[in-house]
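# Coordinates in review
As a plain string of letters, each chain reads:
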Amino acid sequence: MPDIDSVLQENRSFEPSEAFRAAARVGDRAEYDRMYRESIDDPDAFWGRAARELPWIKPFDEVLDWSEAPVAKWFGGGQLNASAVCLDQHLTTDRRDKVAILWEGEPGDVRSFTYAEAHAEVCRLANVLKARGVGKGDRVAIYMPMIPELAFFVLACARIGAIHSVIFGGFSANSIRDRVLDGGCSAVITADGGWRRGKVLPLKAVVDKALEGVGGVHTVFVVKRTGNEIAWDDARDVDALELAKTASVECAPEPMESEDTLFLLYTSGSTGKPKGIRHTTGGYMVGTYLTTKYVFDLREDDVYWCTADVGWITGHSYIVYGPLANGATVVMYEGAPNEPHPGRFWELIEKHRVTILYTAPTAIRAFMRWGDEHVTKFDRSSLRLLGSVGEPINPEAWMWYRNVVGEERCPIVDTWWQTETGGIMLTPLPGVVATKPGSATLPFFGVDAAVIDEEGNELGANLGGLLAIKRPWPAMLRGIWGDDERYRETYWSKFDGEYYFPGDGARRDEDGFFWIMGRVDDVLNVSGHRLSTMEIESALVSHAAVVEAAVVPRPDELTGEAICAFVSIGPGAVASDELAEQLREHVATEIGKLARPAEIRFADALPKTRSGKIMRRLLRDIASGREIAGDTTTLEDFAVLDRLRSDAE
Ligand code: WTA
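Residues numbered from 1 in each chain as written. Predicted model: local features only at pLDDT ≥ 70, side-chain atom pairs only at ≥ 80, totals over all residues. Heavy atoms only, no water.

## Notes on the overall build of the protein chain
Worth spelling out the cut-off: In DSSP terms, a helix is any run of H or I states spanning at least four residues, a strand is any run of E spanning at least two, and both are numbered starting from the N terminus. Exposure classes here rest on a 1.4 Å probe applied to the protein chains alone. A residue is buried below 20% of its type maximum, exposed above 50%, and partly exposed in between. We call two residues in contact whenever any of their non-hydrogen atoms come within 4.5 Å of each other. Counting rule for charge: Lys and Arg are taken as positive, Asp and Glu as negative, and neither His nor the chain ends is counted. Lysine's charge is taken at NZ, arginine's at CZ, aspartate's at CG and glutamate's at CD.
The secondary structure content of the protein chain amounts to 20 helices and 30 strands. With the principal axes as the frame, the protein chain shows a C-alpha extent of 75 × 65 × 55 Å. Here the protein chain holds 649 residues, and the buried ones make up 61% of them. Long-range contacts, defined here as pairs at least 24 residues apart, represent 72% of the contacts in the protein chain between residues at least 6 apart. Side chains of the protein chain give 71 positive and 99 negative charges; the mean places of these two sets differ by 2 Å.

## Things to note about the side chain of glutamate 149
For clarity, the threshold we go by: Polar contact is the term for a pair of N or O atoms within 3.5 Å; when the atoms are in protein, one must be able to donate a hydrogen and the other to accept it, and sequence-neighboring residues count only if both atoms are side-chain atoms.
Structurally, glutamate 149 is set in helix 6 (residues 148-160). A distance of 2.7 Å separates a polar atom in the side chain of glutamate 149 from a polar atom in the side chain of arginine 111. Leave out the neighbours within four places in its chain, and glutamate 149 touches Arg111, Met144, Val223 and Leu241.

## Some points on the sheet that holds strand 24 (residues 504-508)
Note the cut-off: Pairing between two strands requires that DSSP report at least two bridges joining them. Lines fitted to the C-alpha atoms define the axes, with helices restricted to the stretch that makes contact. Angles between their N-to-C directions range from 0 to 180 degrees.
Across the sheet, 4 strands lie side by side as 21-22-24-25; this open sheet has antiparallel pairing. Only two strands of the sheet have a single partner each, and these edge strands are strand 21 (449-452) and strand 25 (514-519). Pairs of neighbouring strands in the sheet enclose a mean axial angle of 45°, with direction left out of account.

## Details of the pattern of salt bridges
Defined as follows: One side-chain nitrogen of Lys or Arg within 4 Å of one carboxyl oxygen of Asp or Glu is enough to make a salt bridge.
Taken as a whole and assessed by the stated rule, the structure comprises 47 salt bridges. With its nearest N and O atoms 3.0 Å apart, the salt bridge here joins lysine 273 to aspartate 182. With lysine 273 in the loop between strand 14 (261-267) and strand 15 (275-280) and aspartate 182 in helix 7 (residues 173-183), this pair connects stretches of sequence that are 91 residues apart. Using a relative accessible area of 49% as the deciding quantity, one classes lysine 273 as partly exposed. According to the relative accessible area criterion, aspartate 182 is partly exposed, its value standing at 24%. Connected via shared salt-bridge partners are Glu104, Arg344, Glu347 and Lys351.

## Description of the site of the ligand
Rules: Near, as used in this document, describes a residue that has one of its heavy atoms within 4 Å of the molecule or strand being considered. With residues, only the protein chains shown are counted as cover, and all accessible areas are computed by Shrake-Rupley using a 1.4 Å probe. Gly falls in the polar group here, along with every residue not listed as nonpolar (Ala, Val, Leu, Ile, Met, Phe, Trp, Tyr, Cys, Pro) or charged (Asp, Glu, Lys, Arg).
What surrounds the ligand is a group of 17 residues, the closest being Asp414, Thr415, Thr419, Arg519 and Arg530. Arginine 519 has a polar side-chain atom sitting 2.8 Å from an oxygen atom of the ligand. Isolated, the ligand exposes 530 Å² of accessible area, and the fraction of that covered by the protein chains is 97%. Sorting the residues of the shell around the ligand by element identifies helix 11 (313-325), strand 20 (412-415) and strand 25 as the ones contributing at least two each. Residue composition of the shell around the ligand, grouped by class: 6 nonpolar, 6 polar and 5 charged.

## Section: unusual backbone geometry
Residue proline 70 follows alanine 69 across a cis peptide bond; omega there is 5°. Mapped onto the fold, proline 70 is located in the loop between strand 1 (62-65) and strand 2 (73-76). Note that the residue after glutamate 339, namely proline 340, is joined by a cis bond; omega there is 0°. Among the structural elements, proline 340 can be located in the loop between strand 17 (329-333) and helix 12 (344-352). One non-glycine residue, aspartate 297, adopts positive backbone phi at about 50°. Overall, aspartate 297 belongs to the buried group, its relative accessible area being 2%. Its identity is not glycine, yet threonine 441 carries a phi of approximately 60°, on the positive side.

## Regarding the domain arrangement of the protein chain
Spelled out, the test is: Note that the domain bounds were set by an automatic or database domain assignment. A 1.4 Å probe defines the accessible area here, and the buried area is the portion of it lost by two parts on being joined, summed over both.
Per the domain assignment, the segments making up the protein chain are domain 1 (18-81 + 261-489 + 497-517), domain 2 (85-95 + 119-254) and domain 3 (543-648). Across the contact, 6 residues belong to domain 1 and 5 residues belong to domain 3. When residues of domain 1 are sorted by the area they lose upon contact with domain 3, Thr362, Arg365 and Arg369 head the list and together hold 68% of the total. The interface formed by domain 1 and domain 3 includes 0 salt bridges. Put simply, domain 1 and domain 3 have 3 residue pairs in polar contact (both at pLDDT 80 or more) between them. Broken down by class, the residue content of the side of domain 1 that touches domain 3 amounts to 2 nonpolar, 1 polar and 3 charged.

## Here's the deal with the pairing of strand 18 (residues 356-359)
The alternating pattern of strand 18 places Ile356 and Tyr358 on one face and Leu357 and Thr359 on the opposite face, and all of these are buried. Where strand 16 (residues 303-306) lies against strand 18, 3 bridges are found, and the strand directions are parallel. If you follow cysteine 306 over to strand 18, its bridge partner there is tyrosine 358. Pairing between strand 18 and strand 19 (residues 385-389): 4 bridges, direction parallel. The partner of isoleucine 356 across the bridge, within strand 19, is leucine 385.

## Some thoughts on the packing of helix 7 against helix 8 (residues 203-210)
The relative placement of two packed helices is expressed as an angle between their axes plus a distance between the axes. Where we set the bar: Convention used here: angles under 35 degrees read as roughly parallel, angles over 145 as roughly antiparallel, angles from 65 to 115 as roughly perpendicular, and any remaining angle as oblique. In this scheme the crossing of two helices becomes right-handed for a clockwise turn of the near helix relative to the far one and left-handed for an anticlockwise turn of less than a right angle.
It is at 8 Å that the axes of helix 7 and helix 8 come closest, and there the two elements cross at 60°. The orientation of helix 7 relative to helix 8 falls into the category oblique. Helix 7 and helix 8 meet at a crossing whose hand is right-handed. Residues Ala173, Ile176 and Arg177 of helix 7 lie in contact with helix 8, whose contacting residues are Val206, Lys209 and Ala210.

## Some remarks on the side chain of glutamate 104
With respect to the element layout, glutamate 104 can be found in strand 4 (residues 99-104). Only 3.1 Å separates the side chain of glutamate 104 from the side chain of lysine 351, close enough to count as a polar contact. Setting aside residues up to four positions removed in sequence, glutamate 104 forms contacts with Asp109, Val110, Met332, Tyr333, Glu334, Arg344, Leu348, Lys351 and His352.

## Considerations on the packing of aromatic side chains
Our working definition: Whether two aromatic rings pair depends on their centres lying within 6.5 Å, for rings of Phe, Tyr and Trp, where Trp uses its six-membered ring; planes under 30 degrees apart make the pair stacked, over 60 edge-to-face, and the rest tilted.
Under the criterion given, the structure shown has 38 aromatic pairs. Ring geometry for tyrosine 318 and tryptophan 417: centres 5.1 Å apart, planes at 90°, overall edge-to-face. With tyrosine 318 in helix 11 and tryptophan 417 in the loop between strand 20 and strand 21, this pair connects stretches of sequence that are 99 residues apart. We note that tyrosine 318, like tryptophan 417, is buried. Ring plane angle 50° and centroid distance 5.0 Å describe the contact between phenylalanine 444 and phenylalanine 445, whose orientation is recorded as tilted. When sorted by exposure, phenylalanine 444 lands in the same class as phenylalanine 445, which is buried. Among the aromatic residues, those joined into a ring-pair cluster are Tyr32, Phe46, Trp47, Trp56, Phe60, Trp74, Phe75, Tyr294, Phe444 and Phe445.

## Comments concerning the environment of isoleucine 147
For isoleucine 147, the position within the fold is in the loop between strand 6 (139-143) and helix 6. Sequence separation between isoleucine 147 and tyrosine 333 is 186 residues, and the spatial gap between their C-alpha atoms is 7.6 Å. Beyond its immediate stretch of four places on either side in the chain, isoleucine 147 contacts Trp103, Val223, Arg225, Met332 and Glu334.

## Brief notes about helix 12
Turning to helix 12, its buried residues number three or more, namely Arg344, Phe345, Trp346, Leu348, Ile349 and His352. Backbone geometry just downstream of helix 12 places arginine 353 in the positive-phi region, at approximately 55°.

## Some words on the sheet that holds strand 6
Sheet strands associate in pairs through backbone hydrogen bonding, adopting either a parallel or an antiparallel arrangement. Taken together, 8 strands build an open sheet; the order of strands is 12-11-8-6-7-14-15-23 and the sheet is mixed. Each edge of the open sheet carries a strand with a single partner, namely strand 12 (237-239) and strand 23 (479-480). For strand 14 and strand 15, the ladder comprises 6 bridges, and the chain directions are antiparallel. In the strand pairing of strand 15, leucine 265 is matched with isoleucine 277. Across the face of the sheet, helix 8 comes into contact with strand 6, strand 8 (187-191), strand 11 (219-223) and strand 12 while running at roughly 155° to strand 8.

This is the structure in structure tokens:
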């Protein structure tokens, strides 16, 4: 596999401390090996037992039915309700008065909710939804800031069997419209605004724009958070919290079949259109419950903080469903990590005595750059475990995370997984594995992972190839909304249904540890967010000046990858800094600011193979290899390359 050369040499290894090991849920390698073996050799016994730790309304008859592969059925015959798993089960225990959600807004306002209080809030909002006719199977889009009502509305949908489709608050009106239409959403939940870097993000205004000319949405539920002025459509818009005041605090959870859809979450694929990844109820709850329990080694007195936004899968699985199913105290923070100062995260950790921190490499690198003093001036002695997710973590950032943030005391769990996998797939168990900086180490229970070549042969130690998963796991996606063929084609066709293909490159070292080497398809990973090159290209091409565009990643110290766009423009247009800026803004409007290219390079024409395919690998090399010239408007002369290529052929 000449495409994937591993250049990373990393020989350091860090054992968990004896103290950590002694107190851990699993602190002994032999026990871990036994559990892993059972999960592979006798998955029915392993997953059956795990599933029975959850409160089922009706017990399941069968653990796994794989007869309609690649669409798995887990826990068939069983009924449960995800919001009851997260809330109701704790109300008859000591956790009733334990804090479920401890929230801090960017301006510093704090709200906390016990399990009993969270239950009441969720029931109220569920009743508000019902009163406007939202019911089982309806799709509901949620576009909200990181406030407690976001988690409560997610759970309220689950409670009444409505399918939530959360759209990250950074997406543009166009992106919202696409998702609302694709999912056939009949209601939208939003807020007047949210706080971000001291400013109000006007979310309701973006929703209004997104819904212009969209006929199918009967209600927009609005949570008033920031008090900014908003437009109001009396026929469509309702004040959610006003209605909640008089709503009942009881709402019976809807019994859901294990395979009923719990939610859709849109993610980028290698073709232009975002995919509505479909997750179902039973398997997803079992998977997120068990991974949270073991990977974060949860204890009753932990204060757990995952810094992701609920708009991404990490927030779904490891802010809402997994931790609440475990009865954890979950910290939620609304704002930016450097507002009002670059030590905000560490201040929050000191203030709320956070014990477990789960964040992303891009954040870790930003903190590294801002300087150790912003970290060390706050007390981090409460921390006992650190986690990383979203992109490969470079060993330097890993070491900084361990030494500066964790004071060499806290194990790091580098967790590899995807929107599609629902939950963590590759990870150390913190009490067991001697971690190596930059490696996601070993498969979680029930995950049968391998590194294979293009023909599907397993590769030997340290050979770079494709990551592949051999068998179904409970939290896996069940399909793509409205496009089952695309599900088969994207994830299962590459190896004739034998392997799930995540689209990542990897190698396995001599200890069997996995080292993820990034995407092998046309997907970029910017700040841990997946973006499709095709989507950004079509956004660029929709601008009148652009004839053709090719988007490639280039390595970036802070964001992991940055977006570099090569653009050829029409005869009427002039390559200029102004046009570059216009194009960047155009992409931000079309998709969202997160997709705005870091760099635009103009070219006469894009370099192509004889068969007319854009030579992306070449563009990638150019994008990563060359210094950015002061004059960004120079046209790239690919004619030279063209001549070189024909000489070589
Ligand atoms: C990448 C986020 C290396 C990977 C949970 C994957 C990682 C994509 C890691 C999924 C990690 C995620 N090490 N790479 N620990 N975690 N990735 O769907 O390329 O937003 O395919 O899910 O992020 O991104 P997604």
